[in-house]
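In case you want the letters, here they are:
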Amino acid sequence: PTIYADKLVWQDRRNGNWDIYMYDLSTGQETQITTNVADQYVPNIYDNKIVWTDLRNGNADIYMYNLSTKQEIQITNSTWDEYGASIYQNRVVWQDRRNGNWDIYVKDLDTSQESVVVNDTREQNSPVIYGNKIVWNDYRKYQQIFMYNLLTNTETQIVNQLHQWDPDIYEDKIVWQDYRNGHHDIYLYNISTSQERRITTLGSHQHSAAIYDNKIVWED
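Residues numbered from 1 in each chain as written. Predicted model: local features only at pLDDT ≥ 70, side-chain atom pairs only at ≥ 80, totals over all residues. Heavy atoms only, no water.

**A look at the side chain of Asn-125**
Within the secondary structure, Asn-125 sits in strand 13 (residues 124-130). Among the residues examined, Asn-125 registers a relative accessible area of 13% and is labelled buried. Ignoring sequence-local partners within four residues, the contact set of Asn-125 consists of Gln-95, Ile-104, Trp-136, Asn-137 and Tyr-139. (Helix = DSSP H or I, 4+ residues; strand = E, 2+ residues; numbered from the N terminus. Buried < 20%, exposed > 50% of the residue type's maximum accessible area, 1.4 Å probe, protein only. Contact = heavy atoms within 4.5 Å.)

Quick look at the structure:
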């Protein structure tokens, strides 16, 4: 599940295949967003727009549903796979296999302009976006966290350690899962101060961190 304001979205298999559903916490109303017999999964929501990965065309594409207009839009249309979309305002990012390995792409919904964020012979995946900043898992050295600023067109390596993945971002804070200590911990990086902070120190495994405002949640 993922949430924005009073709207909760998730992938649901009650009909025999994965569909996208939404629940409005303010009205108590549940809505089925997708009805195609193929699988739709890994949803993300921002404001009145829901994006997801869709298999109706025989490969993975990115689709979007506008809750205000009740229109479904195909964001990507190709024979290669696009997976794991994240949305913020008018921009959608995803991991893209058109070059034979996973790279990161972004599309401006207002201009319909699509551009590559990173194109490398090694894998980049699991992108998330907030404002003008995109963060992702990057395998060009080890498994590490990188960031791209769309405003300045600059790329930054957030952490130079072994085995970091599953980032999330809110404002100027990035969180991720980190294996530098021989088990999975949650770490935080402040973009404004360039300071890194270890969040969990329990000696056990903590996974799948998410951040909003001044709160971090994770699986433990």
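Next comes the rest of the account.
**Here's the deal with the sheet that holds strand 12 (residues 113-118)**
One open sheet accounts for four strands, arranged 9-10-11-12; its pairing is antiparallel. Two strands in the sheet have a free side with no partner beyond their single neighbour: strand 9 (82-88) and strand 12. On average, adjacent strands in this sheet sit at an angle of 25° to one another, irrespective of strand direction. Examined bridge by bridge, strand 10 (residues 91-96) and strand 11 (residues 103-108) share six bridges and lie antiparallel to one another. The residue bridging Asp-96 from the neighbouring strand is Asp-103, located in strand 11. (Pairing = 2+ DSSP bridges. Axes fitted to C-alpha atoms, helices over the stretch in contact; angles between N-to-C directions.)

Everything listed here is a matter of geometry and, on its own, says nothing about what the molecule does.
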